[in-house]
Amino acid sequence: MIKEILKALWKDKFAKIAVIVLGFIYVMLLFADFIAPYTKDFSDRTMAYVPPSKIFNIDERGKLSKPYTYNYIRVFDKDNLEIKYKFDRSKKHYIKFLSKGQPYKFLGLIPMKRHLFTTDNDGRIFLLGTDINGRDVFSRLLFGGRISMTIGFLALFVLFPIGLLYGGISGYFGGKVDIVMMRFAEAVMSIPSFYLLIILASILPPGMTSTQRFMLIVLILALIGWAGFARVVRGMVLSIKTQEYVQAAQSIGASKFRIIVKHILPQTTSYVIVAMTLSVPSYILSESGLSFLGLGIQQPDASWGNMLKEAQEFTNIIYRPWLLTPGFLIFVSVLAFNLIGDTIRDILDPKSKKQGT
Amino acid sequence: MNDTFKYIIKRILQTIPLLIMISIISFFIIRLSPVDPLAELKLNPSVSPATVERESKRLGLDKPIIVQYGKWAFSFVKGDLGVTSTGEKVSKKLAERIPNTLLLTTLVILLTWLVGVPLGIIAAVKWKTPFDRILTVLTSIGMAIPSFFFAVLLLLFAVKTGWFPIGGLTSPNYSEMSFWGKFCDIAYHLILPVFVLFTISLAGLQRQMRANMLDVLDSDYVKFARAKGLSEFKVVYKHALRNAVNPMITLLGFEFASLLSGAALTEYVFQYPGLGRLILEAVLKSDINLVMASLMMGAVMLVAGNLIADILLILTDPRIRGRA
Amino acid sequence: MLLLCTILCKACLVKDTPAPDNDLKFQTKEQFTQAYIPPKNVTIDGIDYLQSQSPVGKFGGEFVSSTIGEGPKTFNPFNSKDATSATLSGIMYDGLLGTDPISGQPVPKLAKGYKISSDGKTYTIYLRKGIKWSDGKPITADDVVFTWKDIIFGGLGDTSLRDSLYIDDKLPSVKKIDNFTIEFTTPKPYAPFIRSLTQSIAPKHYFEKAVKSGNTAFDTFLSTTTKPENIVSSGAFKLKEYVPAQRVVYERNPNYYEINTNDEKLPYMNKLIYLIVGDLNNEVLKFEAKELDVITLQGSKVARYKTLEPHSDFKLYNLGPTTSTMYLSFNLNNRKNDKGKYYVNPIKQKWFSDINFRTAVDYAVDRKNIVFNIANGIGSPLYTPESLNSIYLNKNLAQYDKDLEKSKELLKKSGFYIKDKKLYDKNGNRVEFDLLTNAGNTEREAIGVMIKQDLEELGMKVNFKPIEFNSLVNKLVSTFDWDMVIMGLTGSPLEPNGAKNVWLSDGRLHMFNMRTPKEGKKGILPWEKELDYLFNQGALATKFEDRKPYYDKYQEIIYTQKPMIYLYSPVIINAIRKKYKNIYPSSLNGLTHNIEEIYIDE
């Protein structure tokens, strides 16, 4: 069935583009250490807020040259109270490919020093400029993307088993169990989710390591989403359990838990897939919203949301548009997920299939 | 009619245990917080320790949590929501904000329905044509922009063009305006926030309407109507439409819910004096009473929204009553 | 945020103007050539007016300012616990004295003059005759005595002023001499007292009922729901309207006691509006969209407005360094809590209590780039607890740059050693600690990132954790479980005694070595003892020259002992629309200290 879906996705023009874009983004994120010229914490504080490096390949005498860039020098103009950036033309910094730079662990395992591109030791290459601390926005985008783009999936992996089991049990047992369990789920659903989200995020114990914080945010996102999911699963289980093979399983005395897990829940697969792709973007958006408010991923860690926080400043938007790139990336990936979700829904929806034929 | 009435009563009664459950969940979540609600007072050098002591007593922080919940629930029922950590009445603060949030959300719901339903119908009628596809992509784009980011950009746009006010709900000289002046002033301030929320919530509604319409168009009685030789126009707008809109009413409650959540960030960026901004500020300051009350009010509004949707549904679709 | 008392800003005895060294050129000359002439007392038909000496202007128009945050919590000036409420209620209620915007000396407001007895203990206040409250009732000595005796000394509302006036556990006394003369007597000569006379005076006939019904009733008196038309006030502007989360609107008080040289009653403007804006960003947008008439600009935004200025309708003013300070502090606490557990890990205690360690950290801090990156160059490095515009600033303390070699040398001296680029103490423990600050403050987060890197160059491992503000405060003042922190405080450029809560060893904000009330002065360090002495003596001396040495010494102690490492101080730059005239910028009181004299000339 997965194959079928992929095939259909490939056939649809928009979905195809979306798949390619997402694939590209995820590959970039996977190899972030290698692609990014710097680590996420590397900073050159004498180069705070510098614009994107200009890369030249025709030198001042009009000759073709290996690509090179200049460093910026920062000058404080006392009359205009302004910091100005000029090229330091005293030295050309050639761009080197697959050369040694900041050490890292490739895929978190193999220690390596080579980067896709870098420049000499005293040169700096900032493809998308730098932030307030002189950190490379391009590198941080890649590392921040790892967090932003996986947090949704991780949350789904936490909430789906809970939702499935909860909905399955509630639907299968029915009666009082069902009523109590569903009332509880409804109560959770009746609390406006964003309100709940910020409250939960704000009561996270302070002083956690960044990994702990990340995991807890995943957990919070999951806590908010499970109830709605469970409710739908329950509805599906109610109709599935009347089917013959379930009754057959009952009659041969299979345990209730086994029936739920083995016979009923697998029937909900198609729904699960749709729900998964459809809800990933909402988690990406939730994370960015949280971080934007300062309740999500914290400095010095990067996520697209907390990078965007810096960009909300008026003067930054006007004078430092490169800080807006995380917003653009959020937009692109959410859009791509939505387009894919739409297409999958059309494929899986038996009714539209019928009409199509 | 009697049946309908009974069902409505039953439905209203059902919300009571729901609300109790919500209050318990929210109360315990908030009180699990390791944050000291008096921290702000404690750091303020102009507040004496005696004052801090008094505040702590007033908030009942020295009692066990069950007692605190009991105290809280009892006074909530009486309509006394306590005071904020700065000594203002919570009920007063909420009363200032809730109408504004309701105004914003109702407007957005109205607008999305006015636009989303027709768009859904057209998309369904023109199913699988490029028009349908492009519409889906367009609404997807609207849905994909982070609301706060969109709001920030719109504010920038407002500054650059000078066409719109920078947030808020009324102009400084509002109180001196005539009735129409006031009306226009509020409308003027509402344009941008409504636009943001409208953009992000249109897609969902349009899709749902499209799906419903497709379902109905595929049903036997529509096929039958077509077979009868009725014009396509009549088939769609007379027979299919009614049946497709009905299930949408259930959605009203959910839409209200998601709007309430979505509005928080928009309110924050636009400095809109609504419930969402209030709760954000309260959360950041760990103002327990205020957080608790606004959370409850949000939930109450949501439950009420669902209730209204259900009641509407019964009134329009008598079949439900039988099921109930 | 961290408000160290607006009240304290109104406190002290003073001599000359600060004007600290500031290497920014644009302390423009014109701005200081038009010197501000303070208003004079004149008596017309038996009424003691205050007469503005500034050019006569036109009547009418409005002025839109802003306040950041959630807006006022109360309009009761005696119960305002936050800066916004204090400012907004202060507009409505004048005090006996004010502060001269240039010299910082006490100047007449409701009082036309005052006399201090030769023993420095008795203050005689002469009230203006014939001036009225906004409802037309006369302002008399009864109102003053009522305010001080019943409200302030009675412990109603916010008691911080009373708490600060205890001298040897005794309060000053207040006595009515006649209808327009009042006498205050302090138990001992107490220099900061004169500043407290800037405290608002309440109309007895309006406050009396609430005062009689006790503390709880008083707390809700003049709350934000009070009908504006019922409020009786004395300021140049009275409340017209309060729209929650949006704005506070004031209108001119026709009974105000200041007149211009044509003997026309001030203020000039009809309305004064404060918009309630949620954050700095929104404030800038509103200024840009001309919804606001005045704004304080952060460093990063100055360049834009400086470039726009020549072709725009606003003008920038440089008001000099802020009164707020930003610092890095160590937790020197070496005591145990009730359960017998150390607040700070004993291994870390050894580092933090080591002066070489603290100095090494200090020399590793890159103040120059902090000023550059965080304040966009618009600020100065800071080395002392007194803000750069403080009249008590000790200018003899030398400034120094980042010097990693010196840091390493100092660490070596104390037995620290580096292995594999990692720093270990002499017992072989890896030097690793947490650095906290409040989350959501971009400035402090950026500084934290920089300091983390600086210290990691020394081989220390720094876990930088921005945490929620309230949790941070809780750690600082009640649980004490922190290592290092980046925080800020706001002080007064006129009265160092205001910061005694921070420096006294049993002070409530003595964060770097906080003691519980039960502990008292337990485990006091020699230099802490000296600080206690200096602060007590400094408050008792009356003359500026006598007080200065005490406060010079305290700065020197902090400078050498480094419990708190001061980082930088931004310079305040304000922009205001050019159509407003009679603007006399003051580094002490800002741009609109003479709001009643400001008028519009398009």
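Cut-offs applied
Residues numbered from 1 in each chain as written. Chains lettered and ligands numbered in written order. Predicted model: local features only at pLDDT ≥ 70, side-chain atom pairs only at ≥ 80, totals over all residues. Heavy atoms only, no water. Pairing = 2+ DSSP bridges. Helix = DSSP H or I, 4+ residues; strand = E, 2+ residues; numbered from the N terminus. Axes fitted to C-alpha atoms, helices over the stretch in contact; angles between N-to-C directions. Contact = heavy atoms within 4.5 Å. Salt bridge = Lys/Arg side-chain N within 4 Å of Asp/Glu carboxyl O. Polar contact = N/O pair within 3.5 Å; in protein donor to acceptor, adjacent residues only side chain to side chain. Nonpolar A, V, L, I, M, F, W, Y, C, P; charged D, E, K, R; others polar. Patch = residues over 30% accessible without salt bridge, like charges linked within 9 Å, V, L, I, M, F, W, Y side chains within 5 Å. Areas by Shrake-Rupley, 256 points an atom, 1.4 Å probe, with all protein chains shown as cover. Lys, Arg positive; Asp, Glu negative; His and termini not counted. Charge placed at Lys NZ, Arg CZ, Asp CG, Glu CD. Buried < 20%, exposed > 50% of the residue type's maximum accessible area, 1.4 Å probe, protein only. Core = buried A, V, L, I, M, F, W, Y, C linked by side-chain atoms within 4.5 Å. Left-handed = near helix turned anticlockwise from the far one by under 90°. Expected span 1.5 Å × (residues − 1). Bend = angle between axes of the 7 residues up to and from the residue. Phe/Tyr/Trp six-rings, centres within 6.5 Å; stacked < 30°, edge-to-face > 60°. Domains from an automatic or database assignment. Buried area = accessible area lost by both parts, 1.4 Å probe.

Caption draft 1: Looking closely at the sheet that holds strand β3 (residues 82–106) of chain A. Residue and element names in this part refer to chain A. With respect to topology, four strands assemble into an open sheet ordered β1-β2-β3-β4, the strand pairing being antiparallel. Two strands bound the open sheet, and with one partner strand each, they are β1 (55–58) and β4 (110–119). Pairwise comparison of adjacent strand axes, ignoring direction, gives a mean angle of 45° for this sheet. As defined by bridge partners, β3 adjoins β4 across eight bridges and the pair is classed as antiparallel. Bridge assignment links K105 to a residue of β4, and that residue is P111.

Caption draft 2: A look at the interface of chain A and chain B. At the junction of the two partners, chain A supplies 53 residues and chain B supplies 53 residues. Viewed at the interface, chain B and chain A are joined by one salt bridge. Put simply, D12 of chain A and R133 of chain B hold a salt bridge, and the shortest N to O gap is 2.9 Å. Our count for the contact surface shared by chain A and chain B stands at one residue pair in polar contact (both at pLDDT 80 or more). Those elements that provide at least two residues to the side of chain A that touches chain B are α2 (13–30), α5 (175–189), α6 (193–202), α10 (269–292), α12 (314–319), α13 (325–348) and α14 (350–356) of chain A. Per-element tally for the side of chain A that touches chain B: the top contributor is α13 of chain A, with twelve residues. Grouping the constituent residues of the side of chain A that touches chain B by class yields 32 nonpolar, twelve polar and nine charged.

Caption draft 3: Looking closely at a positive patch on the surface. Where like charges cluster on the molecular surface, the positive patch consists of K3, K7 and K11 of chain A together with K128 of chain B. Mapped onto the secondary structure, K128 of chain B falls in the loop between α5 (90–125) and α6 (130–144).

Caption draft 4: View of the pairing of strand β2 (residues 47–51) of chain C. Residue and element names in this part refer to chain C. The buried fraction of β2 amounts to four of the five residues, a majority that puts the element mostly inside the structure. In the sheet, strand β1 (residues 40–44) pairs with β2 via five bridges, with the strands oriented antiparallel. Bridged to I44 within β2 is I47. Between the end of β1 and the start of β2, which pair antiparallel, lie two residues, with D45 showing a positive phi angle near 50°.

Caption draft 5: Quick peek at the nonpolar core. Core analysis: the largest hydrophobic core is formed by 295 residues, its most contacted members being L328, F357, F433, L455, M460 and W503 of chain C. At 15 residues, the largest contribution of residues to this core is made by helix α4 (residues 137–173) of chain A. Once you skip the residues sitting within four places of it in the chain, L328 of chain C turns out to touch V361, V365, L435, I451, M484, V485, I486, P563, M564, I565 and L567 of chain C. Counting residues in hydrophobic clusters, the runner-up holds 71 residues, among them I139, I167, V248 and I600 of chain C.

Caption draft 6: Structural context of the packing of helix α7 (residues 147–161) of chain B against helix α8 (residues 179–217) of chain B. Residues and elements named next belong to chain B. With their axes 10 Å apart at the nearest point, α7 and α8 run at an angle of 145° to one another. As α7 packs across α8, the resulting crossing turns out to be right-handed. Contact residues: α7 offers S147, F150, A151, L154 and A158, while α8 offers L192, F195, V196, T199 and I200. A class-by-class count of the residues in the contact of α7 with α8 yields eight nonpolar, two polar and no charged.

Caption draft 7: Structural context of the environment of K7 of chain A. Residues and elements named next belong to chain A. Relative to the assigned elements, K7 resides in helix α1 (residues 2–11). For K7, a relative accessible area of 64% translates into the label exposed. Taking C-alpha positions, K7 is 40 Å from A201, a pair spaced 194 residues apart along the chain.

Caption draft 8: Looking closely at the sheet that holds β1 of chain C. Strand order in the open sheet made by the three strands is β1-β2-β12 (chain C), with mixed pairing throughout. At either end of the open sheet lies a strand with only one pairing partner, and these are β1 and β12 (258–259) of chain C.

Caption draft 9: Examining the pairing of strand β13 (residues 271–277) of chain C more closely. Residues and elements named next belong to chain C. Among the seven residues that make up β13, seven are buried, leaving the element largely enclosed by the rest of the structure. Of the two faces of β13, the one holding K271, I273, L275 and V277 and the one holding L272, Y274 and I276 are both buried throughout. The pairing of strand β3 (residues 62–68) with β13 spans seven bridges and is classified as parallel. Looking at β13, one finds that V64 is bridged to I273.

Caption draft 10: Structural detail: α8 of chain B. Here α8 of chain B is 39 residues long, yet its end C-alpha atoms lie only 47 Å apart, well below the 57 Å a rise of 1.5 Å per residue gives. Of all the bends in α8 of chain B, the largest measures some 40° and sits at I191 of chain B, one to four residues before the proline P193 of chain B.

Caption draft 11: Geometry of the side chain of T437 of chain C. Its place among the elements puts T437 of chain C in strand β20 (residues 432–438). At 2.9 Å, the side chain of T437 of chain C forms a polar contact with the backbone oxygen of I486 of chain C.

Caption draft 12: Representation of the environment of T592 of chain C in the model. Residue and element names in this part refer to chain C. In this fold, T592 is placed in the loop between β24 (580–581) and β25 (599–600). The spatial distance from the C-alpha of T592 to the C-alpha of I576 is 9.7 Å, given a sequence separation of 16 residues. In this structure T592 touches F63 and I598, once residues within four positions along its chain are discounted.

Caption draft 13: Region of interest: the pattern of salt bridges. Across all of its chains, the model carries 46 salt bridges over all chains by this definition. For the salt bridge of D366 of chain C with R45 of chain A, the shortest nitrogen-to-oxygen distance reads 3.2 Å. Of this pair, D366 of chain C sits in the loop between α11 (355–364) and α12 (367–374) while R45 of chain A is found in the loop between α3 (32–35) and β1, placing the two residues in two different chains. Under the relative-accessibility criterion, D366 of chain C is labelled buried at 9%. Residue K212 of chain C is joined to E208 of chain C by a salt bridge in which the shortest nitrogen-to-oxygen separation is 3.8 Å. Of the two residues, K212 of chain C and E208 of chain C both sit in helix α6 (residues 204–212), four residues apart, roughly one turn of that helix.

Caption draft 14: Quick look at the packing of aromatic side chains. Residue and element names in this part refer to chain C. For the coordinates displayed, the defined rule picks out 68 aromatic pairs over all chains. Taken together, a centroid distance of 5.8 Å and an interplanar angle of 90° make the contact between F78 and F207 edge-to-face. Taken together, the residues F78 in the loop between β3 and α2 (83–90) and F207 in helix α6 connect sequence positions 129 residues apart. Both residues of the pair, F78 and F207, count as buried. When the centroid spacing of 5.0 Å and the interplanar angle of 50° are considered together, the rings of Y392 and F544 count as tilted. Linking Y392 in the loop between β17 (379–381) and α13 (404–413) with F544 in helix α18 (residues 544–561), this pair joins segments that are 152 residues apart in sequence. Of the residues examined, Y392 reaches a relative accessible area of 0% and is grouped as buried. Classification of F544 by relative accessible area gives buried; the value is 13%. Members of the aromatic cluster, connected to one another through ring pairs, are Y392, W503, F512, W527, F535, F544, Y551 and Y554.

Caption draft 15: Structural context of the domain arrangement of chain A. Residue and element names in this part refer to chain A. Split by domain assignment, chain A resolves into domain 1 (2–28 + 141–356) and domain 2 (45–134). Taking only C-alpha atoms into account, the centre of domain 1 sits 39 Å from that of domain 2. When the two sides are added together, the surface that domain 1 and domain 2 hide from each other amounts to roughly 620 Å², 62% of it contributed by carbon and sulfur. Counting the surface domain 1 buries against domain 2, the share from its top three residues, E310, R320 and W322, is 72%. At the boundary of domain 1 with domain 2, the tally comes to zero salt bridges. Remark: the boundary between domain 1 and domain 2 carries three residue pairs in polar contact (both at pLDDT 80 or more).

Caption draft 16: Quick peek at the domain arrangement of chain C. Residue and element names in this part refer to chain C. Domain assignment breaks chain C into domain 1 (29–39 + 224–321 + 572–600), domain 2 (75–220) and domain 3 (325–570). Just the C-alpha atoms count here: the centres of domain 1 and domain 3 sit 36 Å apart. Taken together, the nine residues of domain 1 in the interface contact nine residues of domain 3. For the domain 1 and domain 3 pair, buried surface summed over both sides reaches about 640 Å², with 68% attributable to carbon and sulfur atoms. By the criterion of area lost to domain 3, the three top residues of domain 1 are G299, P321 and L588, representing 66% of everything that side buries. Viewed at the interface, domain 3 and domain 1 are joined by zero salt bridges. Taken together, the connections running from domain 1 to domain 3 amount to one residue pair in polar contact (both at pLDDT 80 or more). At the level of elements, α9 (299–308), β15 (314–321) and β23 (564–577) are the ones that each hand at least two residues to the side of domain 1 that touches domain 3. The greatest single-element share of the side of domain 1 that touches domain 3, amounting to three residues, is contributed by α9.

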